[in-house]
Amino acid sequence: MTKLSDKTIWITGASSGIGEQLTYQLASKGNRLILSARREAELERVKSNCPESAQKNIHVLPLDLSDLDSLDNAAAKALKIHGNIDVLVNNGGISQRSLVSETSFEVDQRLINVNFLSAVKLTKLVLPSMIQKNGGHILVTSSLTGKFGTPFRSSYAASKHALHGFFEALNAEVWDKNIYTTIFCGGYIKTDISINAVTGDGSAQNKMDANQAKGKTAASAAAIMIKAVERNKREVYFGGKEVMGVYLKRLFPGLLAKMLRKMKINEQK
Ligand SMILES: NC(=O)c1ccc[n+]([C@@H]2O[C@H](COP(=O)([O-])OP(=O)(O)OC[C@H]3O[C@@H](n4cnc5c(N)ncnc54)[C@H](OP(=O)(O)O)[C@@H]3O)[C@@H](O)[C@H]2O)c1
């Protein structure tokens, strides 16, 4: 059990949604935080919403996860702030709402870069210092779509599936160095994710999906993520009845495939 207090924690995607709620909960537990995303003003807003006593321990570090070459510099800065990172939270990401046949390849690449390759790169940049310190934790925000592909989310699902392969391999490599990974698979959570989701030409969908609007709160997702890290869970599922998809895929994959086909028809109406 690793108590998440008095730790240096770098959170990507901290400017809204799940990352914002993680920030509030981790700040109130007495951690030193580094907040990253593209929108600096939003990161400052999140910081200013934290208790005044916690704000001196919160640094804002803007970055763009789609610009993979810029991440070396960002990680060097993050490591310099407190001399190490105890917990890296690879949370920043974008979703997708478009059919394969209507999605440009550039959009596929963007989803893979932002959701997968940026997490790979940041992890590789931070890992040597964790190995040297003989300890660390990497929390990754995947999705139930990381366990089974659903219509309109082809490359989103691919990017999240890829996270599982990479971080399961890493987990098996570094457990004996006191370094752990936790993959959080969320269902419908009420954040701006569907509003910001990219369509086939790369433009934002700009509307909240009904399922997201009815989803779990970002605060409850953040609380589950923190508990999962503290208990060294390798993987955790969170959401409503959509979580059943994980078990259906395991036990009745044919049935799940039929249900997903129906889902496509419903969403096209
Ligand atoms: N909400 C759900 O139902 C749900 C379910 C499962 C998994 N997830 C995952 O949860 C994570 C957080 O999403 P959310 O639901 O909290 O949605 P959100 O409110 O839209 O937050 C997404 C975060 O990612 C950041 N981000 C996006 N593109 C970025 C880029 N190119 N560079 C740097 N930061 C970037 C955004 O900040 P800026 O715009 O300021 O850059 C924002 O802070 C994502 O990985 C998402 O796939 C969400």
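Reference entry: report on the structure contained in this document.

### Concerning unusual backbone geometry
It is generally the case that most residues other than glycine have a negative phi and that most peptide bonds are trans. One non-glycine residue, Asp-6, lies in the positive phi region at around 60°. In this fold, Asp-6 is placed in the segment before β1 (8-12). The residue Asn-206 is not glycine, and still its phi comes out positive at about 65°. With respect to the element layout, Asn-206 can be found in the loop between α7 (193-196) and α8 (210-213).

### Thoughts on the site of the ligand
Near the ligand, the surroundings consist of 32 residues, among which Ser-16, Arg-38, Tyr-156, Thr-191 and Gln-212 are the closest. Lys-160 has a polar side-chain atom sitting 3.0 Å from an oxygen atom of the ligand. In this structure, Thr-191 approaches the ligand through a side-chain N or O atom, which is 2.6 Å from an oxygen atom. Protein chains shield 97% of the accessible area of the ligand, which is 870 Å² for the free molecule. Those elements giving two or more residues to the shell around the ligand turn out to be α1 (17-28), β5 (136-143), α6 (154-174) and α7. Examining the composition of the shell around the ligand, we find that three residues originate from one element, β5, more than from any other. Among the residues making up the shell around the ligand, the classes are represented as 11 nonpolar, 16 polar and five charged.

### Some remarks on the sheet that holds strand β2 (residues 32-36)
Spatially, seven strands are ordered β3-β2-β1-β4-β5-β6-β9 in an open sheet, and the strand pairing comes out parallel. For this open sheet the edge positions go to β3 (58-60) and β9 (235-238), each flanked by a neighbour on one side alone. Direction aside, the axes of adjacent strands within the sheet are offset by 15° on average. Across three bridges, the pairing between β1 and strand β4 (residues 87-90) is parallel.

### Observations concerning the pairing of β2
Burial of β2 is extensive: four of the five residues sit out of reach of the surface. In the sheet, β1 pairs with β2 via five bridges, with the strands oriented parallel. From the neighbouring strand, Ile-9 faces β2, where its bridge partner is Leu-33. In this fold, β1 hands off to α1, which returns the chain to β2; that crossover is right-handed. By the bridge criterion, three bridges tie β2 to β3 in an arrangement that is parallel. Bridge pairing in β3 places Ile-34 opposite His-59.

### Let's talk about the packing of aromatic side chains
On inspection of all chains with the given rule, the structure shows four aromatic pairs. Judged by centre distance (5.9 Å) and plane angle (35°), the ring pair of Phe-184 and Phe-238 falls under tilted. Remark: Phe-238 occurs in strand β9 and Phe-184 occurs in strand β6 (residues 179-186); sequence separation between them is 54 residues. Accessibility classification places Phe-184 together with Phe-238 in one group, the buried group. Site record: aromatic cluster; members linked through ring pairs are Phe-116, Phe-166 and Phe-167.

Conventions used here
Residues numbered from 1 in each chain as written. Predicted model: local features only at pLDDT ≥ 70, side-chain atom pairs only at ≥ 80, totals over all residues. Heavy atoms only, no water. Helix = DSSP H or I, 4+ residues; strand = E, 2+ residues; numbered from the N terminus. Near = heavy atom within 4 Å. Polar contact = N/O pair within 3.5 Å; in protein donor to acceptor, adjacent residues only side chain to side chain. Areas by Shrake-Rupley, 256 points an atom, 1.4 Å probe, with all protein chains shown as cover. Nonpolar A, V, L, I, M, F, W, Y, C, P; charged D, E, K, R; others polar. Pairing = 2+ DSSP bridges. Axes fitted to C-alpha atoms, helices over the stretch in contact; angles between N-to-C directions. Buried < 20%, exposed > 50% of the residue type's maximum accessible area, 1.4 Å probe, protein only. Right-handed = clockwise from strand over helix to strand, strands pointing away. Phe/Tyr/Trp six-rings, centres within 6.5 Å; stacked < 30°, edge-to-face > 60°.

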